[in-house]
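Take a look at the letters that make up each chain.
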Amino acid sequence: MVIDKSYVISEIDPRIYGSFIEHLGRAVYGGIYEVNHPTANENGFRQDVLDLVKELNVPIIRYPGGNMVSAYNWEDGVGPKEERPRRLELAWRVTETNELGTNEFVEWAKAANADVMMAVNLGTRGIDAARNLVEYCNHPSGTYWSDLRRKHGYKDPHKIKTWCLGNEMDGPWQIGQKTANEYGRLAAEAGKAMKLVDPEIELVSCGSSYSAMPTFPEWEATTIDHTYDVADYISLHQYYGNHENDTANYLAKTLDMEKFIKTVIATVDYVKAKRRSKKTMYLSFDEWNVWFHSNEQDKAIQPWSISPNLLEDIYTFEDALLVGSMLNTLLKHSDRVKIACMAQLVNVIAPIMTETGGGIWKQTIFYPFYYTSRFGRGLALHSIVQSEKYDSKEFTDVPYLDSSVIYNEERDELVIFAVNRHLENGMEIKSDIRSFEEFEVVEHVVLEHDDPKARNSISSEQVKPHSNGLSSVDNGYLTSTLPKLSWNMIRLAKISNN
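Now for a look at the structure at hand.

Notes on the sheet that holds strand β8 (residues 202-205)
Adjacent strands of a sheet form backbone hydrogen bonds with each other and so pair up, either parallel or antiparallel.
Inference 1: If you trace the eight strands once around the closed barrel, you get β2-β3-β6-β7-β8-β9-β10-β11, paired in parallel fashion. Strand-to-strand twist across the sheet, computed as the mean angle between neighbouring axes with direction ignored, equals 30°.
Inference 2: Sheet analysis places strand β2 (residues 18-20) next to strand β11 (residues 337-343), joined by three bridges and oriented parallel. Along β11, the bridge assignment pairs Ser19 with Met342.

Digging into the nonpolar core
Inference 1: By size, the foremost hydrophobic cluster in this structure holds 158 residues, and its most contacted members are Ile21, Phe105, Trp108, Trp163, Phe285 and Trp288.
Inference 2: Here this core takes nine residues from helix α10 (residues 317-332), the largest share from any one element.
Inference 3: Those residues in contact with Phe285, other than ones at most four positions away along the chain, are Leu236, His237, Gln238, Met257, Phe260, Ile261, Leu330, Val337, Ile339, Ala340 and Cys341.

Concerning the packing of aromatic side chains
Inference 1: All chains considered together, the criterion is met by 22 aromatic pairs.
Inference 2: Between Phe366 and Tyr367 the ring centres are 5.6 Å apart and the planes differ by 75°, which places this aromatic pair in the edge-to-face class. With respect to class, Phe366 is no different from Tyr367; both count as buried.
Inference 3: Lying over the aromatic face of Phe20, Arg62 brings its terminal NZ or CZ to 4.6 Å of the ring centre.
Inference 4: Taking NZ or CZ as reference, Arg336 lies 6.0 Å from the ring centre of Tyr282, over its face.

Side note on helix α8 (residues 254-275)
Inference 1: Between its first and last C-alpha, α8 extends 32 Å over 22 residues, near the 32 Å set by a 1.5 Å rise per residue.
Inference 2: Of all the residues in α8, the buried ones are Thr254, Met257, Phe260, Ile261, Val264, Ile265, Thr267, Val268 and Val271. For α8, the buried positions fall inside an angular range of 165° around the axis, keeping them on one side. Set apart from the buried face of α8 by more than 90 degrees, the exposed residues are Lys259 and Ala273.
Inference 3: Check the buried side of α8 and you find it contacts α6 (218-227), β9 (233-240), β10 (282-290), α10 and β11.
Inference 4: Just downstream of α8, Arg276 is the residue with a positive phi angle, here 55°.

Calculation notes
- Residues numbered from 1 in each chain as written.
- Predicted model: local features only at pLDDT ≥ 70, side-chain atom pairs only at ≥ 80, totals over all residues.
- Heavy atoms only, no water.
- Pairing = 2+ DSSP bridges.
- Helix = DSSP H or I, 4+ residues; strand = E, 2+ residues; numbered from the N terminus.
- Axes fitted to C-alpha atoms, helices over the stretch in contact; angles between N-to-C directions.
- Core = buried A, V, L, I, M, F, W, Y, C linked by side-chain atoms within 4.5 Å.
- Buried < 20%, exposed > 50% of the residue type's maximum accessible area, 1.4 Å probe, protein only.
- Contact = heavy atoms within 4.5 Å.
- Phe/Tyr/Trp six-rings, centres within 6.5 Å; stacked < 30°, edge-to-face > 60°.
- Lys NZ or Arg CZ within 6 Å of the ring centre and 35° of its normal.
- Expected span 1.5 Å × (residues − 1).
- Arc of directions from axis to C-beta.

Quick look at the structure:
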């Protein structure tokens, strides 16, 4: 690798380390909110969950969905709890009690040191409900909806800045599915009304539900042509799974993620050129993760139950490796990807798991997210990498070394995140870091395990990092040893003259 501080990709928007909470499974009830839990505070929020969320240093959290938002009446979740209706929630076929709603989630996010990324319903509803929600949340006072918020006990506006214009509106599973032109027109008009209520907000237009949709990227080209002037971002959603039990192919799937990002950039830039616009459309990768372990068990859930155990993937060591590589991919495209949300945060395809009424534990994927969120702040650098490559079932020329490089000017730190995809061999990396004079290794954290299928549980943490990695600097060159199938963080800092 050649690493030079002048090879800057972009300053990293901290919101690239965002996450997501949907009214789905035990994400809310039994996850972030459990009134009778031993650690619950006066608002019913589990303090043990809050503590781990704050460890992850998540700056923004998308809410309340997800698929459920496309048939959600936000008014059901505000006002006195005893007066809130129970509803059939059609996306996941459960019963929604509405015990937690907009105001409570804003309070929880504040306690977690995070901003809210609010989604509006453009499935069964539209312009009116969207603009009313913005008025309820953000207008100071003196109008019907802002005064209703004050009546509900929230004198000050929530000042929610980032808003999603619906969710996955191209999906046939979505309540209120739209064609590209139907969605584009509705989103443009809803966004226009929302920004008239509060000109300070920013908006995310719905991209394709995932890259294999038959209408991708035509959906992007058509919808963004409608929403280009009002929206600030376009969304991307992508999940990966190892259905074939092929580790080498599985760990190469970030090549698909990179192709997805580049295709969306090319498509929205085509619209920019066609419209002769000076504005650049940025990307919000607001759903990404591994999701496949729980697919079969979810089919057994009884309809209309309350907060059942849905989408509770128990992650493996190889899942953590892929998550580390997905984070690398986001960082390498941080010039255009400004927001990203790991979906989701607690219990539902999540890094944090809880027992209802009981304990809490960290999944394998917790660790690459934790270290990257904590130390991946500052400038993303373009490194020149020479790596041996392999071919897999779906991909050719897959580099064994997957990496991203960050320079934190404020802390004068150089951080390398590196995944060794090789199933059998360790690798030695020699990195030219001569532009970082007098930098020495602070720590080399390694996540490794002999069994790619190793998992964590509440009683056994098989997969956890250690700080015994081998890295050293000599005459401006960093030499690092990466064990086979490992995720690594190599952190360097300038030698203090004191």
